[in-house]
Amino acid sequence: MADISLTFPDGNSRSFPAGVTAAEVATDISTSLAKKAISATVNGAHWDLAWPIEADAQIAIHTMKDNDQALELIRHDLAHIMARAVQEIWPDTKVTIGPVRDNGWFYDFDRAEPFTPEDLGRIEDRMKQIINARDAVRTEVWTREKVRTHYEATGEPYKVELLDRIPGDEPIRMYWHGPWMDLCRGPHLQHTGQVPSDAFKLMSVAAAYWLGDNTRPMLQRIYGVAFKNRDDLKAYMTFLEEAEKRDHRRLGREMDLFHMQEEAPGQVFWHPNGWTIYTTLQDYMRRKQRADGYVEVNTPQVVDRKLWEASGHWDKYQDHMFIVEVDEEHAREKAINALKPMNCPCHVQVFNQGLKSYRDLPLRMAEFGSCARYEPSGALHGIMRVRGFTQDDAHIFCTEDQIEAECAKFITFLAGVYKDLGFEAFEIAFATRPEKRVGSDESWDYVEDALENAIKKTGHAYRLEEGDGAFYGPKLDFYLTDAIGRVWQCGTFQVDPNLPERLGASYIAADGAKHRPFMLHRACLGSFERFIGILIENSEGKLPFWLAPRQVVVASIVSDADDYVHEVVETLRKAGVRAEADIRNEKINFKVREHSVGKVPVILAIGRKEVEDRTVTLRRLGEKHTQVLPVDQVVSDLKAEAVPPDLR
Ligand SMILES: [Zn+2]
Ligand SMILES: [Zn+2]
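Residues numbered from 1 in each chain as written. Chains lettered and ligands numbered in written order. Predicted model: local features only at pLDDT ≥ 70, side-chain atom pairs only at ≥ 80, totals over all residues. Heavy atoms only, no water.

Undergrad: Give a description of the overall build of the chain that names residues and reports values.
TA: Within the chain one finds 20 helices and 35 strands. Across the 648 residues in the chain, those meeting the buried criterion constitute 51%. Sequence-distant contacts, at least 24 apart, represent 67% of the contacts inside the chain between residues at least 6 apart. When the accessible surface of the chain is totalled, it reaches about 31200 Å², and 48% of it is carbon and sulfur. (Helix = DSSP H or I, 4+ residues; strand = E, 2+ residues; numbered from the N terminus. Buried < 20%, exposed > 50% of the residue type's maximum accessible area, 1.4 Å probe, protein only. Contact = heavy atoms within 4.5 Å. Areas by Shrake-Rupley, 256 points an atom, 1.4 Å probe, with all protein chains shown as cover.)

Here it is, written out as structure tokens:
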């Protein structure tokens, strides 16, 4: 047999007979590695230890220490083990597909009876038995005909259909987990006992159409999650609980912030409380931007397709645009417009009015721009993923040699905003030139250097995302990490020489000639809707005092206190604090509980004693103890606390 040469991660090569399996290679290296090995990577492909290697290749042997491979195998083996368990308990069930997803896997079954939560427990128990049995996993390559005959005989029509979808040149593999077998691409572990029996959990059952096609049979999808050990599973379950507690859709209801309804999918009906957060945040951003040298504009919502054609959006972005047809007066033809999905082309129209000179640059043009984008209904998520939203958008028109300074200025601006909003740390991803691009290498070199220098000047760390830039320029994306470790992309900074070119923007340079400006697209929050969702989830609804929609509730303990309650509310309002009275004939504990659910940061309770002494009993959200304080002191303290961070 001919020899092949295998090259290891350390660069060493050794020769083996062609057809050697990855398991044999591991054994050849050492018996301890052979024991620990779970799979290999051969020329970039995840490789089963049992598969033969026929030609020269790069090879790496994996153990459970290699997280990515280990988790993929554990989750994939669990999908098979679950399908086996289901068919052992309910032999009439037909199996379909079971891919690895997110933190686990799912498997779709065709079964007349719906799976119940009790069934999931039963399946889990059977899965543990299969794991504890340490059944061997083995694989064979079968001919297409043999597979077809087998699945026709066993009455598995979905598997026959899957078989027909495998391209002609791919080997068709069968995998056994003990006596149970499945058509599968692999790779897998070597026996079921390698799967940790205490680090997985079946989560839920959902309906799913076969192949996602709503004309095909409705199947039942069971979702599971799995990790390498029990602690990881526990940490994940705790994370889910935390995320659930913070879900902005639930808090939005409890705090009476907003609602959404069928007639306007993906669009927010802001209630007074939610709108207070929104406008407070917008006022803050407006002041910050003014202080940083931005001018604010406002541009139309409904814009003729001609502009979208000129900007290139009509071609590239149409699937995400709301198209509006209008019968123009006296016109025989319908005018085709689109709701703006972004503000950039409109800002160039503002720039193009009147002659611009180099003295006008950099021109920082901001708009709280309301945009509409069509998102598939399945992608919508509360106010985080919507169809109608408002960006804190701005475009900086500038010369090439102003890019670096503008970029540094923006990073400093953004860092200040994030800090004020409770996010001390953020990450920068620097996306550089993609393979398919326009513009000379020299200009890419220049602009990429400018961004890199700007980041370095501001002293922030960054990670490189090579090749991920837009086809016309590099960009920076800014990521926040929230209180439970979730990462959100919010800010962006993108260099664009292309749109000014397409839409004919120019300025007169010092040499008296016309030049093209660069356009820097940048946003800090991203959209108000999504960012408010993040703020709510990050703080569990306990927003900082200046952002809290209802800052103070003044609650009476006895009805004799009503007049004084109103007086305190008035005084607070005059001091710029959002205060309201609660003089309902309810027990004070009831009022405290209710306003705590509504996340009101301060409750001032007033009874006869407080009226007499001109004091209030102050209770802060989440704290058990109360303080009796003179009313003047409380008003002046809360007044100071209500001042937005940029005005302190
Ligand atoms: Zn499989
Ligand atoms: Zn833009």
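Once you've had a look at it, read on.
Undergrad: Quick rundown of the layout of surface pockets? Include the residues and the values.
TA: If you add up the space inside the largest pocket, you get close to 1200 Å³. As for the largest pocket, its lining consists of 37 residues, of which Tyr317, Met342, Arg373, Gln391 and Gln494 are closest to the centre. Put simply, the parts of the chain that give the lining of the largest pocket at least two residues each are α11 (313-316), β23 (388-398), β26 (475-481), β27 (487-496), α15 (498-502) and β30 (518-527). Considering each element in turn, the lining of the largest pocket owes the most residues, 6 residues, to β30. For the lining of the largest pocket, a count of residues per class yields 14 nonpolar, 12 polar and 11 charged. Considered as a void within the structure, the second largest pocket measures approximately 800 Å³ in volume. Along its surface, the second largest pocket is lined by 27 residues, and Ile97, Leu183, Cys184, Arg185 and Gly186 are the ones closest to its centre. Looking at the lining of the second largest pocket, the elements that each hand over two or more residues are α3 (67-89), α6 (157-165), β12 (172-177) and β13 (180-183). Of the residues in the lining of the second largest pocket, the class split is 14 nonpolar, 6 polar and 7 charged. (1 Å grid on protein atoms, 1.4 Å probe; cavity = no way out; pocket = protein on both sides within 12 Å on 5 of 7 lines; lining within 4 Å. Points joined across faces, edges and corners; volume = space filled by probe spheres on them. Nonpolar A, V, L, I, M, F, W, Y, C, P; charged D, E, K, R; others polar.)

Undergrad: Give a description of the packing of helix α5 (residues 144-154) against α6 that names residues and reports values.
TA: Between α5 and α6, the least distance of the axes is 8 Å, while the angle of their chain directions is 165 degrees. Compared by their axis directions, α5 and α6 come out roughly antiparallel. Of the two possible hands of crossing, α5 and α6 adopt the one that is left-handed. Of α6, the residues touching α5 (which contributes Arg144, Val147, Arg148, Tyr151 and Glu152) are Lys159, Val160, Leu163 and Asp164. (Axes fitted to C-alpha atoms, helices over the stretch in contact; angles between N-to-C directions. Parallel < 35°, antiparallel > 145°, perpendicular 65-115°, else oblique. Left-handed = near helix turned anticlockwise from the far one by under 90°.)

Undergrad: Any details on the coordination of the zinc ion (ligand 2)? Residues and values, ideally.
TA: Protein coordination of the zinc ion (ligand 2) is provided by Cys344 (SG), His395 (NE2) and His521 (ND1), with donor distances spanning 2.0 to 2.3 Å. Each donor residue of the zinc ion (ligand 2) lies on one chain, and together they are spaced C-x50-H-x125-H. Taken together, the residues span a long stretch of sequence, with histidine 395 in strand β23 and histidine 521 in strand β30 at a distance of 126 residues. (Donors = N, O, S within 2.8 Å, 3.2 Å for Na, K, Ca; no water.)

Undergrad: Describe helix α7 (residues 230-246), naming the residues involved and giving the relevant values.
TA: Given 3.6 residues to a turn, an α-helix orients residues that are three or four positions apart in the same direction. The first and last C-alpha atoms of α7 sit 24 Å apart over 17 residues, in line with the 24 Å expected at 1.5 Å per residue. Looking at where α7 begins, the residue whose side-chain oxygen comes 3.3 Å from the main-chain nitrogen of aspartate 231 is asparagine 229. (Expected span 1.5 Å × (residues − 1). Polar contact = N/O pair within 3.5 Å; in protein donor to acceptor, adjacent residues only side chain to side chain.)

Undergrad: How would you sum up the environment of alanine 79? Please name residues and give values.
TA: Mapped onto the secondary structure, alanine 79 falls in helix α3. Residue classification places alanine 79 among the buried residues on the basis of a relative accessible area of 0%. The sequence separation of alanine 79 and glutamine 494 amounts to 415 residues, and the corresponding C-alpha distance is 42 Å. Leaving out residues up to four positions away in the same chain, alanine 79 has contacts with Gly98, Trp105 and Tyr107.

Undergrad: Outline the packing of helix α17 (residues 562-574) against helix α20 (residues 631-641), listing residues and values.
TA: At their nearest, the axes of α17 and α20 sit 10 Å apart, and the two run at 35 degrees to each other. Crossing angle aside, the handedness with which α17 passes α20 is right-handed. Contact residues: Tyr564, Val568, Thr571 and Leu572 in α17; Val631, Val635 and Leu638 in α20. Here the contact of α17 with α20 is composed, by residue class, of 6 nonpolar, 1 polar and no charged.

Undergrad: Explain the sheet that holds strand β21 (residues 334-339) to me, and be specific about the residues and the numbers.
TA: Spatially, the 3 strands line up as an open sheet ordered β19-β21-β20, and their pairing is antiparallel. Whereas interior strands pair on both sides, the edge strands pair on one side only; in this sheet they are β19 (302-304) and β20 (323-327). Across the sheet, the mean angle separating the axes of adjacent strands is 40 degrees when strand polarity is ignored. Sheet topology note: the β20/β21 ladder contains 5 bridges and is antiparallel. Of the residues in β21, the one forming a bridge with valine 326 is alanine 335. (Pairing = 2+ DSSP bridges.)

Undergrad: An account of the side chain of asparagine 343 is needed here, citing residue identities and associated values.
TA: Positionally, asparagine 343 belongs in the loop between β21 and α12 (344-351). What makes asparagine 343 buried here is its relative accessible area of 0%. Looking at asparagine 343, its side chain comes within polar contact range of the side chain of aspartate 393, at 2.9 Å. Contact partners of asparagine 343, with chain neighbours within four places excluded, come to Glu367, Gly369, Ser370, Cys371, Gln391, Asp393 and His395.

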